[in-house]
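Residue-level structural notes
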Amino acid sequence: MVRRVESEHRTQPVTSSSSGRELRLVSGDSYASWEAVYRDNVTWVYALMFGKVGNRADAEDLTAEVFTAALKPLRITASAPEVRAYLRATARTVLAAHWKARMGREITAIEGDIPDEPPEEFHDSGAEARAKAVLAELPDRYRRILELRFLQGLSVRESAQSLGVTVANAKVLQHRALQMASQLNERGVR
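Residues numbered from 1 in each chain as written. Predicted model: local features only at pLDDT ≥ 70, side-chain atom pairs only at ≥ 80, totals over all residues. Heavy atoms only, no water.

So, on to helix α5 (residues 140-151). Along α5, the positions that sit buried rather than exposed are Tyr142, Ile145, Leu146, Leu148 and Arg149. The buried residues of α5 all sit within an arc of 165° when viewed along its axis, so they share a single face. α5 presents Asp140 and Leu151 as exposed residues on the side facing more than 90 degrees away from its buried surface. Those residues of α5 that are buried lie in contact with α4 (127-137), α6 (156-163) and α7 (167-186). Residue Gly153 follows α5 closely and has a positive phi angle near 70°. (Buried < 20%, exposed > 50% of the residue type's maximum accessible area, 1.4 Å probe, protein only. Helix = DSSP H or I, 4+ residues; strand = E, 2+ residues; numbered from the N terminus. Arc of directions from axis to C-beta. Contact = heavy atoms within 4.5 Å.)

Okay, here's the thing in structure tokens:
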């Protein structure tokens, strides 16, 4: 059970009896310090990033990037709802830059409720094992182009340079590799 603790311009720790975790609630006023801003918002920002990118390392990096980007322009005198709105807008910008750098396209929509805590480790759906099995069955050049493009997040140009082929050849390799991987997956390679 969580109780709301009101204080003027400060956060107060409240312990939840069910989890033993310390929760921090903020009144509608402003935060006491930058540390309080970070402490009270890092969990939902991390959960948002983790939900969008799906891995802890990138989520941690993006969360740090959100707070770093917001630190300078954000006013400490802003109300808690204003701070959260600004952090959400900053998160949207950081995610757009991340996806543009990774995939060459911007994804700027952040929809739905934000969970209070990051999800636990996902249960094994077998997708990772299937992907490894499919990759293992591909010819070396096909496997390598898919690893470079989708596991390492390189651009087509960077992948082509790594393979020592032209950009056009890398595009053809990627297309053929994806077709073959799809066929192998449909046949149920294990």
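Scanning all chains against the criterion turns up 3 salt bridges. Of the charged contacts, one joins Asp140 and Arg143 as a salt bridge, the two residues approaching to 2.4 Å between their closest N and O atoms. With Asp140 and Arg143 both in helix α5 and 3 residues apart, this pair spans about one turn of that helix. For Asp140, a relative accessible area of 55% puts it in the exposed group. Residue Arg143 is classed as partly exposed on the basis of its relative accessible area, which comes to 22%. Salt-bridge contacts for Arg144 lead to Glu147; the nearest nitrogen and oxygen are separated by 3.7 Å. Placement of both Arg144 and Glu147 in helix α5 is noted, with a separation of 3 residues, approximately one turn of the helix. (Salt bridge = Lys/Arg side-chain N within 4 Å of Asp/Glu carboxyl O.)

Among the structural elements, Phe150 can be located in helix α5. Sequence-wise, Phe150 and Arg102 are 48 residues apart; in three dimensions their C-alpha atoms are separated by 9.0 Å. Every residue in contact with Phe150, bar those within four places of it in the chain, is listed here: Gln174 and Leu178.

All right, on to the environment of Leu173 then. Inspection of the secondary structure puts Leu173 in helix α7. As a C-alpha pair, Leu173 and Tyr142 span 31 residues in sequence and 6.2 Å in three-dimensional space. Leu173 has contacts with Arg141, Tyr142, Ile145 and Leu163, leaving out every residue within four places of it along the chain.

Glancing now at the confidence of the model for the chain. Chain-level pLDDT for the chain is 75 on average; 73% of the residues reach the 70-or-more range. Segment residues 113-118: pLDDT under 50, and 12 contacts once partners within four positions in sequence are set aside and those in other chains are kept. (pLDDT = per-residue confidence, 0-100.)

Take helix α1 (residues 34-53) next. Of all the bends in α1, the greatest, near 45°, is centred on Asn41. Gly54 lies just past α1 and shows a positive phi near 80°. (Bend = angle between axes of the 7 residues up to and from the residue.)

A separate point is the nonpolar core. Core analysis: the largest hydrophobic core is formed by 25 residues, its most contacted members being Met49, Val66, Val83 and Leu87. Contributions of two or more residues to this core are made by α1, α2 (56-71) and α3 (80-103). A per-element tally of this core places α1 first, with 10 residues. When sequence neighbours within four positions are dropped, the list of residues in contact with Val66 reads Val45, Met49, Leu87, Thr90, Ala91 and Val94. With 16 residues, the next largest nonpolar core counts Leu135, Tyr142, Val156 and Ala181 among its residues. (Core = buried A, V, L, I, M, F, W, Y, C linked by side-chain atoms within 4.5 Å.)

This part is about the packing of aromatic side chains. By the definition in use, this model includes 2 aromatic pairs. Here Tyr38 and Phe67 contribute two aromatic rings whose centre-to-centre distance is 4.9 Å and whose plane-to-plane angle is 65°, an arrangement assigned as edge-to-face. Of this pair, Tyr38 sits in helix α1 while Phe67 sits in helix α2, placing them 29 residues apart in sequence. Tyr38 gets classed as partly exposed once you look at its relative accessible area, which sits at 44%. Taking relative accessible area as the criterion, Phe67 reaches 12% and is therefore assigned buried. (Phe/Tyr/Trp six-rings, centres within 6.5 Å; stacked < 30°, edge-to-face > 60°.)

So, on to a nonpolar patch on the surface. The grouping of Met103, Phe150 and Leu178 at the surface amounts to a nonpolar patch, some 290 Å² of accessible area in total. With respect to the helices and strands, the residue Met103 is situated in helix α3. (Patch = residues over 30% accessible without salt bridge, like charges linked within 9 Å, V, L, I, M, F, W, Y side chains within 5 Å. Areas by Shrake-Rupley, 256 points an atom, 1.4 Å probe, with all protein chains shown as cover.)

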